[in-house]
Amino acid sequence: MRRPGYRQPLKQQLGGVKAMFIRLSVAVIVVVICMFLLMSAMSSSNSNSSSAEINTEALWGTAASDGWRASSAPRSDWPPPASESNGYLRVRCNGGLNQQRSAICNAVLAARIMNATLVLPELDANSFWHDDSGFQGIYDVEHFIKTLKYDVRIVESIPEIRKNGKVKKIKAKQIRPPRDAPISWYTTEALKTMKEHGAIYLTPFSHRLAEEIDYPEYQRLRCRVNYHALRFKPHIIELSQSIVTKLRSQGHFMTIHLRFEMDMLAFAGCFDIFSPEEQKILKKYRQENFAEKRLVYDERRAIGKCPLTPEEVGLILRAMGFDNSTRIYLAAGELFGGERFMKPFRSMFPRLENHSTVDTTGELGKNTMGLLGSAVDYMVCLLSDIFMPTYDGPSNFANNLLGHRLYYGFRTTIRPDRKALAPIFIDREKGHTAGFDEAVRRAMLKTNFGGPHKRISPESFYTNSWPECFCKKSAVNPADKCPPHDVVEILNSQMESEGISDFEASGSNLTSAVDK
């Protein structure tokens, strides 16, 4: 009886050893599989690492449109201006050329909303530009009026009226509109005052109408103003075209809006890279022009709030694959800090130009700080093969150009993600240079190179008017379908049926031929 009692534990022991062996075998297999998967992942990572390349040749063309094309023509009922208006609207557009440009678009829309007659917008001859050329000196007035004949009545000045046998001029009541005012403000308070006085004068008029409006036809009107009606005067177009022709005579060229000027650096609060004397100048400028705010350079830099230095711009382009034969046109004011900041960039990309070096007429040299120089830079950047803004935060110039290039055929743009690039540059400054180019390429591959993309706040409508001002010939969504080709003829017929002929109701003596 005892013998079997001794054999039973032995069997159990053998069974336990067998079970342990099986478990160990399974564990080994699992480990092997995990190692295999890890090696595969590493291999895939290395493969992806080597494939993180940017095809610079493709960037010289336009971005993929996915079947979209620009269209700001009305797609629903859009009656012509009524024969009787509610009064006259005057506006004073403050700021630089492109801030004024947005204000003009808003002024036309405000006039449409109130059924008002728009007086040709006034451009502020501000202390920075010292330029009093005005709307008539920069834009083609006749083209502006006739292009918008289906949308609003426009006059060059408030006409005199005859009352009780006397001739008198209507005096516009001055109002300061709220910033980003909703449509309701214009249809209530502004309209009430206009009807009481016959005319209102809105000043200042920068960012005085909300950008996001839930009515596509109003947004399309903004696009008609911005991309069709606002055309520079012929001599500005000719000068810009001569510069573009000269630049393109040797192949592709890129434009860079190098935002490294005193006002922007002072605004950003990025002082630490400058000498004590330069810091003093920047801090003084900030105190005199911007609201007081605690700014810590390291914190600002770490989240990409500082404008890229010229050297950083060169390092990005070189990492992307552009070589020193790349032809670059710099659209910029006077760079703060002098040549020592430009020297590293120039050593990487020596083929640099600006409007002074390529203008053979000498006209720009006499007006470097005026609206003319800004207008020419704008046109050259619009027509270039590639456009790169280095600081598109509060820069109206860069933001408007991004929207304009998107509208005119999805022209390639290079938009550095400063927040993603900041830690890469900071590591490089600490001596960690290994993998720098690869890290830059990876950051840049996540950016948009000019194709259609959803507008997400804080991106401005003027930077990205997709999808309101675009359409598809073959669209699944009826709202995205392109309008009929004879939309101009349809609008013309509507005006004739309303008894409005050749814009006579506007009081303008300018030609009103349809601009197709």
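In the block above lies the structure referred to throughout.
Predicted model, so just to flag it, every value in this text is computed and none were measured.

Trainee: Any chance you could explain the nonpolar core here in plain terms?
Mentor: General note: in soluble globular proteins, nonpolar side chains tend to be found buried as a group. Judged by nonpolar contacts, the single largest core of 73 residues is most densely connected at Leu89, Phe144 and Tyr186. Looking at which element gives the most residues to this core, the answer is helix H3 (residues 97–114), with 11 residues. If we ignore the near neighbours within four places in the chain, the residues touching Phe144 are Ile104, Val108, Leu120, Pro121, Phe135, Ile154, Val225, Ala229 and Leu230. Residues Ile54, Phe271, Ile386 and Leu421 belong to the second largest nonpolar core, which totals 41 residues.

Trainee: What am I meant to see in the state of the cysteines here?
Mentor: By definition, a disulfide is the covalent link that joins the sulfur atoms of two cysteine residues. Across all of its chains, the model carries three disulfides by this definition. Across a sulfur-sulfur distance of 2.1 Å, Cys471 and Cys482 are joined as a disulfide pair. Residues Cys471 and Cys482 are joined through a disulfide that is right-handed, its torsion about the S-S bond being 85°. Here Cys482 lies in the loop between strand E15 (470–472) and helix H19 (487–497) and Cys471 lies in strand E15, a separation of 11 residues in the sequence. Relative accessible area serves as the criterion here: at 0%, Cys471 is assigned to the buried category. Disulfide connectivity for the chain, with bonded cysteines indexed by sequence position, reads 1-4, 2-3, 5-6. As a non-bridged cysteine, Cys93 has Cys105 as the owner of its nearest cysteine sulfur, 9.5 Å distant. Looking at the unpaired Cys105, the closest cysteine sulfur is the one in Cys223, lying at 8.2 Å. Residue classification places Cys105 among the buried positions, given a relative accessible area of 0%.

Trainee: Is there a simple way to explain unusual backbone geometry in this structure?
Mentor: In terms of backbone geometry, most residues other than glycine have negative phi values and most peptide bonds are trans. Look at the link from Thr203 to Pro204: it is a cis peptide, with omega at -5°. Among the secondary structure elements, Pro204 is positioned in the loop between strand E9 (199–202) and helix H7 (216–229). Residue Pro458 is reached from Ser457 by a cis peptide bond, and omega for that bond is 15°. With respect to the helices, strands and loops of the structure, Pro458 is situated in the loop between helix H18 (436–445) and E15. The backbone of Asp66 shows a phi angle near 55°, a positive value even though the residue is not glycine. Of note in this structure, His207 is not a glycine but carries a positive phi near 60°. Along the chain, the position of His207 falls in the loop between E9 and H7.

Thresholds, definitions, all that
Residues numbered from 1 in each chain as written. Predicted model: local features only at pLDDT ≥ 70, side-chain atom pairs only at ≥ 80, totals over all residues. Heavy atoms only, no water. Core = buried A, V, L, I, M, F, W, Y, C linked by side-chain atoms within 4.5 Å. Buried < 20%, exposed > 50% of the residue type's maximum accessible area, 1.4 Å probe, protein only. Helix = DSSP H or I, 4+ residues; strand = E, 2+ residues; numbered from the N terminus. Contact = heavy atoms within 4.5 Å. Disulfide = S-S within 2.5 Å.

Any link to function would need more than the numbers given here.
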